[in-house]
Amino acid sequence: MTAALEADGVEVWLGRRATSRILDGVGLTAPAGQIVGLIGETGSGKTTLARAIAGLAPLHAGAVRVDGVPVSGLRGAELRRFRRTGRVQYVFQDPLRSLDPDLTVAESVAEGLAVRGDGRAADRRTAAVAALRLVGLDPALGDRLPGQISGGQRQRVTLARALAVGPRVLLLDEPVSALDAANRNHVLRVLDRLRRERELAIVLITHDLGSLAGVADRIVVLHHGRVVEEGPATQVLLAPEHPYTQRLIASVPSIDGPRPIYARSTT
Amino acid sequence: MLSVDDLHLAAGPRELVHGVSFTLTPGEAIGLVGESGSGKTLTCRAILGVPPPGVTVTGGTIALAGEDVSRYTRRQWDRVRGTRVAAVFQDPASYLNPSLTVGRQLDEVLRVKNGLSRRDARARAVELFASMGLHRPEHVHGQYPYELSGGMLQRVLIAIAVSGDPDLLVADEATTALDVTVQAEVLDLIAGLRERRRLSLLLVSHDLAVVAQLCDRVVVLRDGRVVESGPTRQVLDDPADPYTRALVADHREYGLDRLVTR
């Protein structure tokens, strides 16, 4: 069975030199109805991978397929047509900067449909309201501007905007790391529901491995442009094999008390 | 060290903080927690003498080393800030001048605040960078903010903050934007500074786990009021207030803490 999203052997170079690779043979598979956690810290290549999958950055080698159809080789008009289908949606990290401050929430959510030329304005408005409901937001917020709602609400608005165009694959870049626990839980519950009800393939990109516990089905750990570990989430979290994954887990602060100081050299 | 007593803050006719009180003894670390809008950042900005525009202290006192600073003028604050109280925030880059090397920015603070000569300031700055765990501190001294990572910038900001040898360090979401491994290192750095310099710490964070790493006591704010305060383990393990219980339950719903007991 083909997965909703398959990427393999992905290489992205810095400039034209194969000697300096941002991504070096990276593979990532996300079946419909699953959440795959992609872990990587600053400089790991996680955002480049997401951009490459979304068709926003060119690959130097490898392939990306959506529902078995290769999309990584698309150029020009073909690429634009694919992007307009909205099958792959990339939700950026910073909702304040990715929402137009002069558009109301409902206008922003309907924007993707307008770009695609879907329906009349009234229909798009109805679709926007449905998308807001889907992420647990009161449709009355649709008339506000991004600056007039909370950070947690903005995060869900960007999610609603991505969902409005009916994607198969959702790429989310740090959707919860800046949120307090209540808002984080709200977003994660929405994702869990979307995975089940809409059969979406969700790639959750984060530097915080701990936040994936109880959310992700599988986890892929990216370090310096390479996958150093991957497997079922509980296995990666409870029995990490690679020293880097072990270090990531040891770094996660616990509510139960101070972790042992391993970085004495820094103090 | 720090004594906040019945603090009221208002923006015009609208009161935002309704009588917050807590004390911090020398060397102690307190965590200020609560959701966005709880007043934790407002309270901490009032303690630093930099309330947001339009927000004023309308009641109560903020005593730093016994002196009420809540109605200090700008000039009075210049005397206190850096030497008694200093702060680090979430986004270190925005507190640095992008067109000056980070070393020069610390040199300047040392010359103005500590009256050091140009040469002594430079030597002291390099020494401070080294003690913040910055590798090749001489090299870092000559680098511009854009050349440094987020973790390095936060170490530079902490160096600037402690350069005036303050008694109290306020850290408002200071590790929120950092990678987890870098966050762990910066938390270790702050823990080390507390030990070595007998710094008191006021840590503001939305992450209860971060508070659990460093703080002796926790103050829980909600809608501008203290709903609960006490020793960290007591508040987090056996919260008395329903709101605190909800915060802890929310925290434990996802994340490693639900999967493993460490």
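Residues numbered from 1 in each chain as written. Chains lettered and ligands numbered in written order. Predicted model: local features only at pLDDT ≥ 70, side-chain atom pairs only at ≥ 80, totals over all residues. Heavy atoms only, no water.

Labelled according to an unreviewed UniProt entry, chain B appears under the name ABC transporter ATP-binding protein, originating from Jiangella anatolica. For chain B, the Subcellular location (unreviewed entry) comment in UniProt is given as "Cell membrane". The heading Sequence similarities (unreviewed entry) in the UniProt record of chain B holds the text "Belongs to the ABC transporter superfamily." (UniProt positions renumbered as here; feature names shortened; annotations may be inferred.)

Chain A is annotated in an unreviewed UniProt entry as Dipeptide/oligopeptide/nickel ABC transporter ATP-binding protein from Jiangella anatolica. The Sequence similarities (unreviewed entry) comment attached to chain A in UniProt states, word for word, "Belongs to the ABC transporter superfamily."

Asker: Looking at this structure, how should I read the layout of surface pockets?
Answerer: Regions of empty space are outlined by a rolling probe, equal in size to a water molecule, passed over the atoms. Residue and element names in this part refer to chain B. Considering only enclosed or pocket space, the second largest pocket measures out at about 770 Å³ in volume. Around the second largest pocket, the lining comprises 24 residues; the ones closest to its centre are Arg81, Ala87, Phe89, Tyr95 and Ile160. For the lining of the second largest pocket, the secondary structure elements donating two or more residues are helix 1 (40-47), strand 6 (85-88), helix 3 (102-114) and helix 6 (150-162). In terms of residue count, helix 3 provides more of the lining of the second largest pocket than any other element does, five residues in total. Considering only residue class, the lining of the second largest pocket consists of 13 nonpolar, five polar and six charged. (1 Å grid on protein atoms, 1.4 Å probe; cavity = no way out; pocket = protein on both sides within 12 Å on 5 of 7 lines; lining within 4 Å. Points joined across faces, edges and corners; volume = space filled by probe spheres on them. Helix = DSSP H or I, 4+ residues; strand = E, 2+ residues; numbered from the N terminus. Nonpolar A, V, L, I, M, F, W, Y, C, P; charged D, E, K, R; others polar.)

Asker: Explain the interface of chain A and chain B to me, please; I cannot follow it from the model alone.
Answerer: One frequently used descriptor of interface size is the decrease in accessible area upon assembly of the parts. At the interface, 38 residues of chain A touch 42 residues of chain B. Of the roughly 3600 Å² buried between chain A and chain B, counting both surfaces, carbon and sulfur atoms make up 54%. Taken together, the links from chain A to chain B amount to three salt bridges. Across the salt bridge formed by A:Arg247 and B:Glu185, the nearest N and O atoms sit 3.2 Å from each other. If you look at where chain A meets chain B, you find 17 residue pairs in polar contact (both at pLDDT 80 or more). Listed by contribution, the elements that provide at least two residues to the side of chain A that touches chain B are helix 7 (181-198), helix 8 (233-238) and helix 9 (243-251) of chain A. Examining the composition of the side of chain A that touches chain B, we find that six residues originate from one element, helix 7 of chain A, more than from any other. Of the residues contributing to the side of chain A that touches chain B, the split by class is 18 nonpolar, twelve polar and eight charged. (Contact = heavy atoms within 4.5 Å. Buried area = accessible area lost by both parts, 1.4 Å probe. Salt bridge = Lys/Arg side-chain N within 4 Å of Asp/Glu carboxyl O. Polar contact = N/O pair within 3.5 Å; in protein donor to acceptor, adjacent residues only side chain to side chain.)

Asker: It is not clear to me how empty space enclosed by the protein should be interpreted in this structure. Could you clarify?
Answerer: Scanning the model with the defined rule gives three cavities of 30 Å³ or more in all. Estimates place the volume of the largest cavity at around 480 Å³. Residue lining of the largest cavity: 34 residues in total, with A:Arg184, A:Asp208, B:His206, B:Asp207 and B:His251 positioned closest to the centre. Residue assignment for the lining of the largest cavity shows that the elements contributing at least two residues are helix 7 of chain A together with helix 7 (180-197), strand 8 (200-204), helix 8 (208-214) and helix 11 (256-259) of chain B. Among the elements that take part in the lining of the largest cavity, helix 7 of chain B stands out by supplying three residues, more than any other.

Asker: Even after reading the chapter, I still don't get the packing of aromatic side chains, so can you show me in this structure?
Answerer: Residues and elements named next belong to chain B. Across all of its chains, the model carries four aromatic pairs over all chains by this definition. For the pair phenylalanine 89 and tyrosine 95, a centre-to-centre distance of 5.0 Å together with 20° between the ring planes defines the contact as stacked. A relative accessible area of 19% means that phenylalanine 89 is categorised as buried. Residue classification places tyrosine 95 among the partly exposed residues on the basis of a relative accessible area of 46%. (Phe/Tyr/Trp six-rings, centres within 6.5 Å; stacked < 30°, edge-to-face > 60°. Buried < 20%, exposed > 50% of the residue type's maximum accessible area, 1.4 Å probe, protein only.)

Asker: Would you mind showing me how to read unusual backbone geometry here?
Answerer: Most peptide bonds take the trans form, and the phi angle of most residues other than glycine is negative. All names here are of chain B. The backbone of arginine 136 shows a phi angle near 50°, a positive value even though the residue is not glycine. Inspection of the secondary structure puts arginine 136 in the loop between helix 4 (118-131) and helix 5 (137-141). Of note in this structure, arginine 198 is not a glycine but carries a positive phi near 50°. Under the relative-accessibility criterion, arginine 198 is labelled exposed at 57%.

Asker: Looking at this model, I keep getting lost on the state of the cysteines. Mind explaining?
Answerer: The bond known as a disulfide is covalent and runs between the sulfur atoms of two cysteines. Residue and element names in this part refer to chain B. Evaluation of the coordinates by the stated rule reveals zero disulfides over all chains. Here cysteine 44 stays unpaired: no disulfide links it, and the sulfur of cysteine 215, its closest cysteine neighbor, is 13 Å away. Residue cysteine 215 is classed as buried on the basis of its relative accessible area, which comes to 7%. (Disulfide = S-S within 2.5 Å.)

Asker: Would you take a moment to explain the packing of helix 9 of chain A against helix 7 of chain B for this structure?
Answerer: Each packed pair of helices is defined by two parameters, the angle between the axes and the distance between the axes. It is at 8 Å that the axes of helix 9 of chain A and helix 7 of chain B come closest, and there the two elements cross at 50°. The angle between helix 9 of chain A and helix 7 of chain B falls in the class oblique. As helix 9 of chain A runs across helix 7 of chain B, the sense of the crossing is left-handed. Facing helix 9 of chain A, whose interface residues are A:Arg247, A:Leu248 and A:Ser251, helix 7 of chain B presents B:Val180, B:Thr181, B:Ala184 and B:Glu185. Looking at the contact of helix 9 of chain A with helix 7 of chain B residue by residue, the class counts come to three nonpolar, two polar and two charged. (Axes fitted to C-alpha atoms, helices over the stretch in contact; angles between N-to-C directions. Parallel < 35°, antiparallel > 145°, perpendicular 65-115°, else oblique. Left-handed = near helix turned anticlockwise from the far one by under 90°.)

Asker: Please clarify how a positive patch on the surface should be interpreted in this entry.
Answerer: A cluster of basic side chains, namely A:Arg80, A:Arg81, A:Arg83 and A:Arg84, defines a positive patch on the protein surface. Judged by its relative accessible area of 48%, A:Arg80 is partly exposed. (Patch = residues over 30% accessible without salt bridge, like charges linked within 9 Å, V, L, I, M, F, W, Y side chains within 5 Å. Areas by Shrake-Rupley, 256 points an atom, 1.4 Å probe, with all protein chains shown as cover. Lys, Arg positive; Asp, Glu negative; His and termini not counted. Charge placed at Lys NZ, Arg CZ, Asp CG, Glu CD.)

Asker: I keep staring at the pairing of strand 1 (residues 5-14) of chain A and nothing clicks. Help me out?
Answerer: Put simply, side chains in a regular strand alternate between the two faces of the sheet. All names here are of chain A. Of the strand pairs in this sheet, strand 1 and strand 2 (residues 17-30) are connected by eight bridges, and their pairing is antiparallel. In the sheet register, valine 10 faces strand 2, and the bridge partner there is valine 26. When strand 1 meets strand 4 (residues 61-66), the two strands line up antiparallel, connected through five bridges. If you follow glutamate 11 over to strand 4, its bridge partner there is alanine 61. (Pairing = 2+ DSSP bridges.)

Asker: Where do I start with the confidence of the model for chain A in this structure?
Answerer: Detailed reading of the predicted coordinates is not advisable wherever pLDDT falls low. For chain A, the mean per-residue pLDDT works out to 87, and 96% of the residues sit at or above 70. Here residues 262-267 of chain A is a poorly scored stretch, pLDDT under 50, and it has 20 contacts once near neighbours within four places are set aside; other chains count. (pLDDT = per-residue confidence, 0-100.)

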